[in-house]
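# Fold and geometry: a report
Okay, here's what each chain looks like letter by letter:
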Amino acid sequence: MAPVPLSEMPDLREAFTGSRKNFIIIGHRARTDALFSLDDLPGTGGRWDGLARCVSASILLSHGVRKDTSVHLVLEGPPDPPKIISVSGGRAKYMNPDERSMVAYLRRGLDTPLPKRALMSVNVSPGVFVTRGGLADVMDLVFTRGFVLDENGNSACDLPFWRDTAVKGEPLAFYLSDDTDLMEEERSLLKGKGSTFISLGPKVLHAYQAIVLMHSILDRAEQGI
Ligand SMILES: C[S@@+](CC[C@H](N)C(=O)[O-])C[C@H]1O[C@@H](n2cnc3c(N)ncnc32)[C@H](O)[C@@H]1O
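Residues numbered from 1 in each chain as written. Predicted model: local features only at pLDDT ≥ 70, side-chain atom pairs only at ≥ 80, totals over all residues. Heavy atoms only, no water.

### Observations concerning the site of the ligand
Here is the rule we go by: Nearness is judged by heavy atoms alone; a residue qualifies as near a molecule or strand once a single heavy atom is within 4 Å of it. Throughout this description, a polar contact denotes any pair of N or O atoms lying within 3.5 Å of each other; where both atoms belong to protein, one of them has to be capable of donating a hydrogen while the other can accept it, and for residues adjacent in sequence the pair is counted only when both atoms sit in side chains. The accessible surface values rely on the Shrake-Rupley method and a 1.4 Å probe; as for residues, cover is taken only from the protein chains in view. Points on a 1 Å grid over protein atoms alone make up a cavity when a 1.4 Å probe fits among them but cannot get out, and a pocket when they form an open set with protein on both sides within 12 Å along at least five of seven lines; lining residues each have an atom within 4 Å of a point. Those molecules having more than half of their atoms within 2 Å of a cavity or pocket grid point set are described as sitting in that cavity or pocket. Segments assigned H or I by DSSP are reported as helices when at least four residues long, segments assigned E as strands when at least two residues long, and all are numbered from the N terminus.
What surrounds the ligand is a group of 18 residues, the closest being Leu149, Asp181, Gly201, Lys203 and Leu205. In the model, a nitrogen atom of the ligand is placed 3.3 Å from a nitrogen or oxygen of the Asp150 main chain. Between Lys203 and the ligand, the recorded distance is 2.8 Å, taken from a backbone N or O atom to a nitrogen atom. Compared with its free state, where it exposes 570 Å², the ligand has 85% of that area covered by protein. Spatially, the ligand is embedded in the largest pocket. Of all the secondary structure elements, the ones that give two or more residues to the shell around the ligand are β8 (145-155), β9 (172-177), β10 (196-199) and α7 (207-222). In terms of residue count, the dominant contributor to the shell around the ligand is β8 (3 residues).

### So, the environment of Glu170
As a reminder, the rule being used: Contacts were defined at the residue level, with two residues in contact if any of their heavy atoms lie within 4.5 Å.
Checked against the element boundaries, Glu170 lands in the loop between α5 (162-168) and β9. Taking the C-alpha atoms as reference points, Glu170 and Thr144, separated by 26 residues in sequence, lie 8.5 Å from one another. With near-sequence residues (within four places) excluded, Glu170 lies in contact with Arg20, Arg145 and Thr165.

### What to know about unusual backbone geometry
The peptide bond linking Pro78 to Pro79 adopts the cis configuration, its omega dihedral lying at 5°. Tracing the sequence through the fold places Pro79 in the loop between β4 (69-75) and β5 (83-88). Between Pro81 and Pro82 the backbone carries a cis peptide bond, its omega angle lying at -10°. Among the structural elements, Pro82 can be located in the loop between β4 and β5. Unusually for a residue other than glycine, Tyr94 sits at a positive phi of about 60°. Take Tyr94: it is sitting in the loop between β5 and α3 (99-111).

This is the structure in structure tokens:
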């Protein structure tokens, strides 16, 4: 198929270029259909519990929503990988922070038939999109400066440019893994595209905890503190 410009694919454009901040989490075992029990998110869900927490941490505040942030879950588990669920904080509605409600809300998108062809995208509810594709596709579609959150990276707090990106409104993408390490080919892909590996401290955190800390750094940079 000849490449189609993003500008001619409205769902893709809205899903991947609508937000300044983007958190991308790779769910290596996360189910790609809706046939798993809400009572067993860590087991048969393939760690959908952790992904739900990542969505909450990315876009929900105590009394509001981060309208400048999207989260993209790269789902690589059975039976129909790869798929990407994107949630736009600026557009999504009816989200609750508890894991079961969040997964129930997002899981509906996995019922929607999706062509096998790469980069077909469906707008399943306001601000929620399901796209056929994997990590390489997200990287191409978000198409912005990339950072891999990694406990062995350079300290994120010491980097001087967060304030600058805030002033310029520069889009940013942050890549995280689920409860397992990034695979070697994923690391190579991210390195190959020039992503910077940054650490939020010496302890290994849950992915959702790393997202909260990264938001804190960006919030402070935006306020010049
Ligand atoms: C539970 S950790 C991944 C598993 C971990 N690498 C291990 O040893 O099993 C989930 C993700 O959170 C992020 N993360 C965890 N600790 C971090 C830290 N100290 N700094 C930056 N990111 C971190 C990374 O993206 C990591 O892939």
